[in-house]
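Architecture at a glance
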Amino acid sequence: MASRFKPIVSFTLTLLAVFALTRAALSVRALGDASLDLPQLARVFAAGLGFDLMVALYASLPFVWLCALAPERLWRTRVARVAIHCVAIAGLFVFCFAAAAEWVFWGEFSARFNFIAVDYLVYTREVLGNIFESYPVLPVAALVALLSLAIWALFVRRSIEDWAQPSANWKTRGVAALLASTAALACFSLTPERPPRVDENRFANELAANGLYNLFSAFRNNELDYTPFYATEDPAEVSLKLRSLLSEPASAFASDDPVGLTREIVAAHPELGSNVVLIVVESLSAKFLGAFGNDAGLTPNLDRLAQHGLLFTNLRATGTRTVRGLEAVTLSVPPTPGYSIVKRPHNANLPSLGSVLRERGYRTRFFYGGYSYFDNMGPFFAGNGFDVIDRAVLSGDEAGFANAWGVADEFVFRRVLREARRSHAAGERFLSLVLTTSNHRPFTYPDGRIDIPSGDGRDGAVKYTDWAIGKFIDEASKEAFFDDTIFVIVADHCASSAGELDIPVDQYHIPMIVFAPARIAPARVERLASQMDLAPTLLELLGVSYRSRFFGRDILTQEPGSERALLGTYQRLGYLKDGMLTVLSPVRRVDVYRIEPDGEQTPVMRRAAGDGVAEAIAYYQSASAAFAQSGH
């Protein structure tokens, strides 16, 4: 029996070595950002070995059964021997290439494979094109192939050559296969659906994980039901708490039902009837702007607009992905666990910024330089009343430059102008929501626009996007509709959310500029606010009275002391207020941190958050229930 299973044992030990070396390499790479002592590293590698053993067991199980059941006559043929050599080499290539991919993934996200990697496997057209344009894939694949052959020759080949020796009878082999299957089933049943935490340090948890284990875990758990996994309170008390949080001087609840959150919002001034161009900029961290202290000169146009418009200096994104930003600015909701609502089924006809303005005769359009099936953006916006104009529609001079991620921003803005002229000529008001793409890897754009070569890195992409926005505003200023249009520029999320912390607050800091020189006086708004507050704030600036089911509030009129921000990841939900961060996590975990002046987070007792924990639960429990109860 030993000779029959010897190739599997040899391959499994080799696989464990690959996993351990990957973890060691990532640990070395993380040393500059993570503060890990020797006991933490010991826990990382001990827990990591457990995850690695499970993955190795799962991967080897089909071959265990093949070895157990294959007839001796077939097993000892030359064809079978060549086949097992080929399978071993192919398997080594797959796992070694996955290790190389994890190295690249860590450089982008400071994490092992997760929900984002699942997305990347689903949207292969954009992602593979982006990867081939950003990295030397073929040379890396060739090196991995050579490495796989070397590992096979040194550690696996001889064990396969030994397999022709007679082995135990099929019953004995079957018992061994059953034992392996039982062990695999026990691992699958007894281990958590999500990788457990081994330490308070986020880097330690990421390093301890196995990337392939994480990948399949994320695939299984793309949406989390709030109630079974997170801290909850009595629904009636939660509703009362949220009603008090959403109460505003200019609003009244539509009913006395303590569970009802629908409100009638009365604007403080007559309706302007202005058009709206809402530009959502890919990965625009506040730190890139000169208005926030950057002296590299990357955003001269945005800085000019900030000087002559409303600049919101303390706005926080709700998440770390584009769909989270789109969800927040259109639906005005907190980031619920799992995937964004934009990507979930049954997400049509939701209360949104678009639905409020369409009731007033606005034409609503969504512009995107890529293919909008990516992240389900096209179906989401089409299902919520927007005309979708994406790469499939753009042609000719409207697609003069494109990379794997989409048409360059300047060409998308050209189409935005064209549609704005058309609406103005037809006498209709419009809401144009534009999502940029150029500030995204591979960071390429047309030559001759700025003084940084295309493809040179993030700084060039930021500066090009700034140039494209400035050009668009300058061209729009010559149009008849300009004085009657409000331009809003906001980021979808920051360029990076990497850090030791689960929710690094400073990596959620994004800019928002409202520019309408004929309508709105310049000012700086310093108060803390959430990305989901954009829609209520914009509607107040427009003078629109409406029935609201939004979770956001008007930033400009909220009472002092009520400022807060909601920010999260796929699993962890944060609530920032009065310098305290409350984090809700699965297994009903609640952590509270004090935000220090240098951005560090000091764990404190739960009671130190005051009402912060109850308020966090009120927002997140209610938002999750609202989406489920609405029939969606």
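Notes on the structure in this doc start here.

So, on to the overall build of the protein chain. When you go through the protein chain residue by residue, the secondary structure sums to 20 helices and 19 strands. Computed over C-alpha atoms, the radius of gyration of the protein chain comes to 27 Å, within 12% of the 26 Å expected from 2.2 N^0.38 for 632 residues, which places it in the range of a compact globule. Looking at the protein chain as a whole, 56% of its 632 residues are labelled buried. Restricting the contact set of the protein chain to residue pairs at least 6 apart, pairs at least 24 apart contribute 73%. If you average the places of the 60 positive and of the 66 negative side-chain charges in the protein chain, the two averages end up 8 Å apart.

What follows deals with helix α4 (residues 78-109). A rise of 1.5 Å per residue sets the reference length of α4, with its 32 residues, at 46 Å; its end C-alpha atoms lie 46 Å apart and thus fit the reference within 8%. Two residues or fewer after α4 comes S110, characterised by a positive phi angle close to 50°.

With an omega dihedral of 20°, the bond running from R441 to P442 counts as a cis peptide bond. Tracing the sequence through the fold places P442 in the loop between β9 (430-435) and α18 (458-476). A positive phi angle, near 55°, is found at D578, a position not held by glycine. Mapped onto the elements of the fold, D578 is located in the loop between β16 (573-577) and β17 (580-585). Judged by relative accessible area, D578 falls into the exposed class, the value being 62%.

It is worth spelling out the pattern of salt bridges at this point. Tallying each qualifying case throughout the model produces 32 salt bridges. Put simply, R202 and E206 hold a salt bridge, and the shortest N to O gap is 3.8 Å. Residue R202 and its partner E206 are located together in helix α9 (residues 202-208), separated by 4 residues, close to a single helical turn. Of the residues examined, R202 reaches a relative accessible area of 9% and is grouped as buried. Two residues, R527 and E563, come together in a salt bridge whose shortest N-O distance is 4.0 Å. Highlighted residues: R527 in the loop between β12 (523-525) and β13 (529-530) and E563 in the loop between β14 (546-548) and β15 (565-568), separated in sequence by 36 residues. What you see here is one network of salt bridges that share partners, running through R363, R365, D387, E398, R415, R418, E419, R422 and E428.

Read across the open sheet, the 5 strands follow the order β15-β16-β17-β18-β19; overall the sheet is antiparallel. One side of each edge strand has no neighbouring strand; the edge strands of this open sheet are β15 and β19 (601-604). The mean angle between the axes of side-by-side strands here comes to 30°, regardless of whether they run parallel or antiparallel. As defined by bridge partners, β17 adjoins strand β18 (residues 589-595) across 6 bridges and the pair is classed as antiparallel. Among the inter-strand pairings, T582 is bridged to a residue of β18, identified as V592.

Okay, helix α8 (residues 170-190) next. With 21 residues, α8 should reach 30 Å at 1.5 Å per residue; the first-to-last C-alpha distance of 30 Å fits that figure. What α8 keeps buried is the set R173, G174, A177, A180, S181 and A184. With its buried residues spanning 125° around the axis, α8 presents them on a single face. Turned more than 90 degrees off the buried face of α8, the exposed positions are K171, L178, L179, S189 and L190.

What follows concerns the packing of aromatic side chains. The final tally for this structure, using the stated rule, is 22 aromatic pairs. Summarising the aromatic geometry, the rings of Y546 and F550 are spaced 6.0 Å apart at their centres and angled 50° between planes, so their arrangement reads as tilted. The exposure classification of Y546 matches that of F550, with both residues buried. Here the basic side chain of R202 rests over the ring of F203, its NZ or CZ set 5.0 Å away from the ring centre. The ring centre of F253 lies 3.9 Å from the NZ or CZ of R243, which sits over that ring.

So, about the pairing of β9. Most of β9 is tucked away, with 6 of its 6 residues classed as buried. Residues of β9 alternate between two faces, with F430, S432 and V434 on one and L431, L433 and L435 on the opposite face, all of them buried. Relative to β9, strand β3 (residues 275-281) is paired through 5 bridges, and the arrangement is parallel. Looking across to β9, one finds that L278 is bridged to L433. Where strand β5 (residues 363-368) and β9 come together, 6 bridges link them in parallel fashion. Looking at β9, one finds that F367 is bridged to V434.

Before going further, it helps to examine the side chain of R344. Looking at where R344 falls in the secondary structure, it is placed in the loop between α14 (322-331) and α15 (353-358). There is a polar contact of 2.9 Å between the side chain of R344 and the backbone oxygen of Y339.

Take the environment of R572 next. Structurally, R572 is set in the loop between β15 and β16. The class for R572 is buried, based on a relative accessible area of 18%. Residues R572 and R589 lie 17 residues apart in sequence; the distance between their C-alpha atoms is 9.6 Å. Contacts of R572, omitting those with residues within four sequence positions, involve R197, Y230, D502, I503, L567, V583, L584 and S585. Here D502 takes part through its side chain, which lies 3.5 Å from a polar atom of the side chain of R572.

Right, let's get into the side chain of S548. Along the chain, S548 turns up in strand β14. Within the structure, S548 has its side chain in polar contact with the backbone nitrogen of F550 (distance 3.0 Å). The residues touching S548, leaving out its near neighbours within four places in the chain, are L261, T262, R263 and I265.

This part covers the packing of helix α13 (residues 300-307) against α18. At a minimum axis distance of 7 Å, the contact between α13 and α18 shows a crossing angle of 50°. One element, α13, and the other, α18, form an angle in the oblique class. Residues P300, N301, L302, R304 and L305 of α13 pack against D466, W467, I469, G470, I473 and D474 of α18. When its residues are assigned to classes, the contact of α13 with α18 shows 6 nonpolar, 2 polar and 3 charged.

Definitions and limits used
Residues numbered from 1 in each chain as written. Predicted model: local features only at pLDDT ≥ 70, side-chain atom pairs only at ≥ 80, totals over all residues. Heavy atoms only, no water. Helix = DSSP H or I, 4+ residues; strand = E, 2+ residues; numbered from the N terminus. Rg over C-alpha atoms; globule rule 2.2 N^0.38 Å. Buried < 20%, exposed > 50% of the residue type's maximum accessible area, 1.4 Å probe, protein only. Contact = heavy atoms within 4.5 Å. Lys, Arg positive; Asp, Glu negative; His and termini not counted. Charge placed at Lys NZ, Arg CZ, Asp CG, Glu CD. Expected span 1.5 Å × (residues − 1). Salt bridge = Lys/Arg side-chain N within 4 Å of Asp/Glu carboxyl O. Pairing = 2+ DSSP bridges. Axes fitted to C-alpha atoms, helices over the stretch in contact; angles between N-to-C directions. Arc of directions from axis to C-beta. Phe/Tyr/Trp six-rings, centres within 6.5 Å; stacked < 30°, edge-to-face > 60°. Lys NZ or Arg CZ within 6 Å of the ring centre and 35° of its normal. Polar contact = N/O pair within 3.5 Å; in protein donor to acceptor, adjacent residues only side chain to side chain. Parallel < 35°, antiparallel > 145°, perpendicular 65-115°, else oblique. Nonpolar A, V, L, I, M, F, W, Y, C, P; charged D, E, K, R; others polar.

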